[in-house]
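Listed here are the chains, written in short residue letters.
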Amino acid sequence: MNFTGPVAAAAASVLLLAGSTACAPPQKGDDGVQTESGGKAAEATSAEDFGGIDGLVAAAKKEGELNVIALPPDWANYGAIIKAFSDKYGIKVNSAQPDASSQDEINAATQQKGKSTAPDVFDLGQSVALANTAMFAPYKVANFDDIPAAFKDANATWVNDYGGYMSIGYDSAKVPPVTAIDDLLKPDYRGMVALNGDPTQAGAAFSGVLMVALSQGGSVDDIAPGVEFFAKLADAGNFLPVDPTPATIESGQTPVVIDWNFTNAAETKRLPSWRVLVPPAHAVAGYYYQAINKDAPHPAAARLWQEFLYSDEGQNLYALGGVRPVRADIMAADGKLDAAATVPVIDGPVTVPSPQQTKAATKYLSEHWAAAIG
């Protein structure tokens, strides 16, 4: 796989003090959880601050719950991941607003700050993640050094967890085959083309507009042609302003969906006529950003969740969901990647926007998107 853009060199090769004292009395974290090292759970930057992974597990079990948000069961295999975590540690996972956007996650954390219902962890698209790093608590998982520098903050404020490719999914029983992005302008697709979210707030939608921009002569530094294309879709009556879900797809309400390949691929298990196209000449890849809410009501459980996600078990569960876990290459080299995993591979150039490019494109979208689609 070849990448374009500033992260090419790193991306191409991978795609993709604490110590406890016996006589020191433990102190309580903000939520009452005691740590082995005498610090607050909410300030722990590694499992060593709990005296090791066993101490972290004990602290997380004492909290007993974990709040997650915006994790649909079919998205990146999160249904199986949540169940595996809960079964392994006996911790109840409260999953709120599974179909929410990245910005909704941040809004929920802000609105519910100080409440037991606030999100403990985030799973965010790039633009929203990098705009809100002040809300994150740095934490280095045990496998932090396995993760290439291009896919993590050096201080572990955030770490990429999994990635995929932008795609077009369509119901072959209801619409003609989609062979190219320009097909979507044809009358055959009137009122049928949905984009997963608002590109000013959701990572999937942002990458969808970028993919379209590339097909129209744009670039990672010029997303305007993508916005113009969607304006044409809206003018033709083809753009459907509905956030697609498994229910809207299976009911026929959204027969064409621009979304990540792993989300579209998951639909093929329920709808045999569902097809997925990753435009090979305009491939766009992206990673999601995992972070801990610095005001997490369950700070130990939040940190244990991170350890689980980046463990071999967690990474393989991602891979079984059709996404590319961030540790995929090193696990494959060590023979630890599940043989049943279908990690996507694209032959040819793949565009991955840098944080600076994403920031500039998001600014353009915030100024032009609403007017373009009416």
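Being a predicted model, the structure only gives us computed values, none of them experimental.

Asks: Quick question: what am I supposed to make of the packing of helix H7 (residues 224-236) against helix H13 (residues 355-373) here?
Replies: Packed helices, taken two at a time, are described by the angle between their axes plus the distance between the axes. Contact geometry for H7 and H13: axes closest at 8 Å, N-to-C directions at 15°. Judged on the interaxial angle alone, H13 and H7 are roughly parallel. The element H7 and its partner H13 pack so that their crossing is right-handed. In contact with Ala-224, Val-227, Phe-230, Ala-231 and Ala-234 of H7, H13 contributes Tyr-364, Leu-365, His-368, Trp-369, Ala-372 and Ile-373. When the residues that make up the contact of H7 with H13 are grouped by side-chain class, the tally is 10 nonpolar, one polar and no charged.

Asks: For this particular structure, what's the right way to read the packing of aromatic side chains?
Replies: Two numbers describe a pair of aromatic rings. These are the distance of the centres and the angle of the planes. Enumeration according to the criterion identifies 21 aromatic pairs in this entry. Pairing Tyr-162 with Phe-262 gives two aromatic rings, centres 5.9 Å apart and planes at 85°, and the pair type is edge-to-face. In this pair, Tyr-162 sits in strand S6 (residues 159-171) while Phe-262 sits in helix H9 (residues 261-267), placing the two residues 100 residues apart along the sequence. Judged by relative accessible area, which is 1%, Phe-262 ranks as buried. The interplanar angle of 75° and the centroid separation of 5.9 Å between the aromatic rings of Trp-260 and Tyr-288 together place this pair among those described as edge-to-face. In this pair, Trp-260 sits in strand S8 (residues 256-260) while Tyr-288 sits in strand S10 (residues 285-293), placing the two residues 28 residues apart along the sequence. Taken as a pair, Trp-260 and Tyr-288 share a single burial class, namely buried. Here the aromatic residues Trp-75, Tyr-78, Phe-85, Tyr-89, Tyr-162, Trp-260, Phe-262, Tyr-288, Trp-305, Phe-308 and Tyr-318 are joined through ring pairs into a cluster of three or more.

Asks: How do you make sense of the nonpolar core when you look at a structure like this?
Replies: Nonpolar side chains in soluble globular proteins tend to be buried together. Counting residues in each nonpolar core, the largest one holds 85 residues, and the members touching the most others are Tyr-78 and Trp-305. Tallying contributions element by element places helix H6 (residues 203-215) first for this core, with nine residues. Among the domains, domain 1 (42-162 + 287-334) and domain 2 (164-285 + 351-373) are the pair contributing at least three residues each to this core. Ignoring anything within four residues of it in the chain, the contact list for Trp-305 reads Leu-66, Val-68, Leu-71, Tyr-78, Ile-81, Ile-82, Phe-85, Val-121 and Gln-290.

Asks: Hey, could you run me through H7 in this one?
Replies: An α-helix turns once per 3.6 residues; consequently, residues spaced three or four apart project the same way. Compared with the 18 Å implied by 1.5 Å per residue over 13 residues, the 19 Å span of H7 between its first and last C-alpha is a close match. Of the positions making up H7, those classed as buried are Ala-224, Pro-225, Gly-226, Val-227, Phe-229, Phe-230, Ala-231 and Leu-233. Against strand S7 (193-195), H6, S8 and H13 lie the buried residues of H7. Gly-237, located one to two residues past H7, shows a positive phi value of around 80°.

Asks: Would you mind going over the pattern of salt bridges with me for this structure?
Replies: Oppositely charged side chains can form a pair if their charged atoms are brought close together. Under the criterion given, the structure shown has 13 salt bridges. The closest approach of N and O atoms between Arg-270 and Glu-250, which form a salt bridge, is 2.6 Å. Placement of the pair is Arg-270 in the loop between H9 and strand S9 (274-277) and Glu-250 in helix H8 (residues 246-251), with a sequence separation of 20 residues. For Arg-270, a relative accessible area of 35% translates into the label partly exposed. A residue is classified by how much of its surface remains accessible, and Glu-250, at 38% relative accessible area, is partly exposed. Ionic pairing is found between Arg-270 and Glu-267, a salt bridge with its closest N-O pair at 2.8 Å. Judged by relative accessible area, which is 2%, Glu-267 ranks as buried.

Definitions and cut-offs
- Every chain is numbered independently, its residues counted from 1 as its sequence is written.
- Only residues with pLDDT of 70 or above have their local features reported here, since the model is predicted, and side-chain atom pairs are shown and tallied only from 80 upward, although totals for entire chains, interfaces and linings are computed over all residues.
- Computation of side-chain values covers all heavy atoms of the structure but excludes hydrogens and water.
- The axes are straight lines fitted to the C-alpha atoms, using for helices just the contacting stretch, and the angles between their N-to-C directions are given from 0 to 180°.
- The secondary structure listing takes helices from DSSP runs of H or I that are at least 4 residues long and strands from runs of E that are at least 2 residues long, numbered from the N terminus.
- Each angle is binned into one of four classes, with values under 35 degrees roughly parallel, values over 145 roughly antiparallel, values of 65 to 115 roughly perpendicular, and all other values oblique.
- Crossings are sorted by hand: turned counterclockwise from the far helix by less than a right angle, the near helix makes the crossing left-handed, and turned clockwise it makes it right-handed.
- Two residues qualify as a contact provided that any one of their heavy atoms is within 4.5 Å of a heavy atom in the partner residue.
- Ten residue types, Ala, Val, Leu, Ile, Met, Phe, Trp, Tyr, Cys and Pro, are classed as nonpolar, four, Asp, Glu, Lys and Arg, as charged, and the remainder, Gly among them, as polar.
- Only the six-membered ring of Trp is used, alongside the rings of Phe and Tyr, when aromatic pairs are assigned; centres must lie within 6.5 Å, and planes under 30 degrees apart are stacked while those over 60 apart are edge-to-face, with the rest tilted.
- A 1.4 Å probe rolled over the protein chains alone gives each residue an accessible area, and that area as a share of the maximum for its type sets the label: buried under 20%, exposed over 50%, partly exposed in between.
- By nonpolar core is meant a set of buried Ala, Val, Leu, Ile, Met, Phe, Trp, Tyr and Cys residues that side-chain atoms within 4.5 Å join together.
- How far each domain reaches was decided by an automatic or database domain assignment.
- Multiplying 1.5 Å by the residue count of a helix minus one yields the expected span of that helix.
- Definition used for salt bridges: Asp or Glu carboxyl oxygen within 4 Å of a side-chain nitrogen of Lys or Arg.

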